Amino acid sequence: MLTDFGYILLFIIAGLALLGVMLTIAKVLRPSRPNEEKLTTYESGEDPMGNANIQFNVRFYVIALIFVLFEVELLFLFPWSVVFGNEELIRQTNGQWGWFAMAEMTVFIGILIFGLAYAWAKGYLDWVRPKPQVPHIQSPVPADLYQKVNAKYAKKAE
């Protein structure tokens, strides 16, 4: 007899085996015809120009993290709002459930507002467009070789 953990182990093994079989079948069936165009770097529909080693502004990541923070806040607010208005819980606790839930969410939103105020005060939300600085990297590949490759693909695009 298998225990519950034995069944879980069997499901994991079966899932990994199925994954391996699917990947093997896909590798056997799919066509493999690489050419120079397919092997080039592709980014958002734009042909690459110059060196790819540029620095991105950290504010992109800060704005994304703040966005995720407030999305998580919304995910917590929806179930809370459903439970907050539960009349049976309020009746059973003589109204104390409503006050407790309200205080709990006030603390939660207060912490988030404090975090937003901190980010705002530090200037993380100011969107200043700095001039992009192209880094100068010592590369064994000459710069004119990059220009030749870009010119080659520019001719193909026309």
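Residues numbered from 1 in each chain as written. Predicted model: local features only at pLDDT ≥ 70, side-chain atom pairs only at ≥ 80, totals over all residues. Heavy atoms only, no water.

Colleague: Can you tell me about the overall build of the chain, naming the residues and giving the values?
Modeller: Of regular secondary structure, the chain possesses five helices and zero strands. The 158 residues of the chain split such that 8% are buried. Taking the intrachain contacts of the chain between residues at least 6 apart in sequence as the baseline, contacts between residues at least 24 apart amount to 70%. Working note: accessible area of the chain is about 14400 Å², and carbon and sulfur atoms make up 68% of it. (Helix = DSSP H or I, 4+ residues; strand = E, 2+ residues; numbered from the N terminus. Buried < 20%, exposed > 50% of the residue type's maximum accessible area, 1.4 Å probe, protein only. Contact = heavy atoms within 4.5 Å. Areas by Shrake-Rupley, 256 points an atom, 1.4 Å probe, with all protein chains shown as cover.)

Colleague: I'd like a rundown of a nonpolar patch on the surface, residues and numbers included.
Modeller: A contiguous nonpolar surface patch, about 670 Å² in accessible area, is contributed by Phe5, Ile8, Ile12, Leu16, Leu19 and Leu23. Mapped onto the secondary structure, Ile12 falls in helix H1 (residues 4-29). (Patch = residues over 30% accessible without salt bridge, like charges linked within 9 Å, V, L, I, M, F, W, Y side chains within 5 Å. Salt bridge = Lys/Arg side-chain N within 4 Å of Asp/Glu carboxyl O.)

Colleague: Tell me about the environment of Leu89, and please be specific about residues and values.
Modeller: Its location among the elements puts Leu89 in helix H3 (residues 87-92). Here Leu89 falls in the partly exposed class, since its relative accessible area comes to 28%. Discounting chain neighbours no more than four positions away, the residues touching Leu89 are Val83 and Trp97.

Colleague: An account of helix H2 (residues 59-84) is requested, with residue identities and associated values reported.
Modeller: Taking 1.5 Å per residue, 26 residues should reach 38 Å; H2 reaches 37 Å between its end C-alpha atoms and fits that length. If you check which residues of H2 are buried, you get Ile66, Glu73, Leu77 and Trp80. Residues of H2 that are buried sit in contact with helix H4 (96-122). (Expected span 1.5 Å × (residues − 1).)

Colleague: So, the pattern of salt bridges: which residues are in play, and what are the values?
Modeller: This model, assessed by the stated rule, comprises one salt bridge. Close ionic contact of Glu36 with Lys152 constitutes a salt bridge, the shortest N to O distance being 2.4 Å. One end of the pair, Glu36, is in the loop between H1 and H2; the other, Lys152, is in helix H5 (residues 143-157), and 116 residues separate them in sequence. Overall, the relative accessible area of 42% leaves Glu36 in the partly exposed class. Given the relative accessible area of 36%, Lys152 is considered partly exposed.

Colleague: Can you break down the packing of H2 against H4 residue by residue, with the values?
Modeller: Running from N to C, H2 and H4 cross one another at 170 degrees; their axes reach a closest spacing of 11 Å. Taken together, the axes of H2 and H4 lie roughly antiparallel to each other. Two secondary-structure elements touch here, H2 through Ile66, Leu69, Phe70, Glu73, Phe76, Leu77, Trp80, Val83 and Phe84 and H4 through Trp97, Gly98, Ala101, Met102, Met105, Phe108, Ile109, Leu112, Leu116 and Ala119. Of the residues assigned to the contact of H2 with H4, the class counts are 17 nonpolar, one polar and one charged. (Axes fitted to C-alpha atoms, helices over the stretch in contact; angles between N-to-C directions. Parallel < 35°, antiparallel > 145°, perpendicular 65-115°, else oblique. Nonpolar A, V, L, I, M, F, W, Y, C, P; charged D, E, K, R; others polar.)

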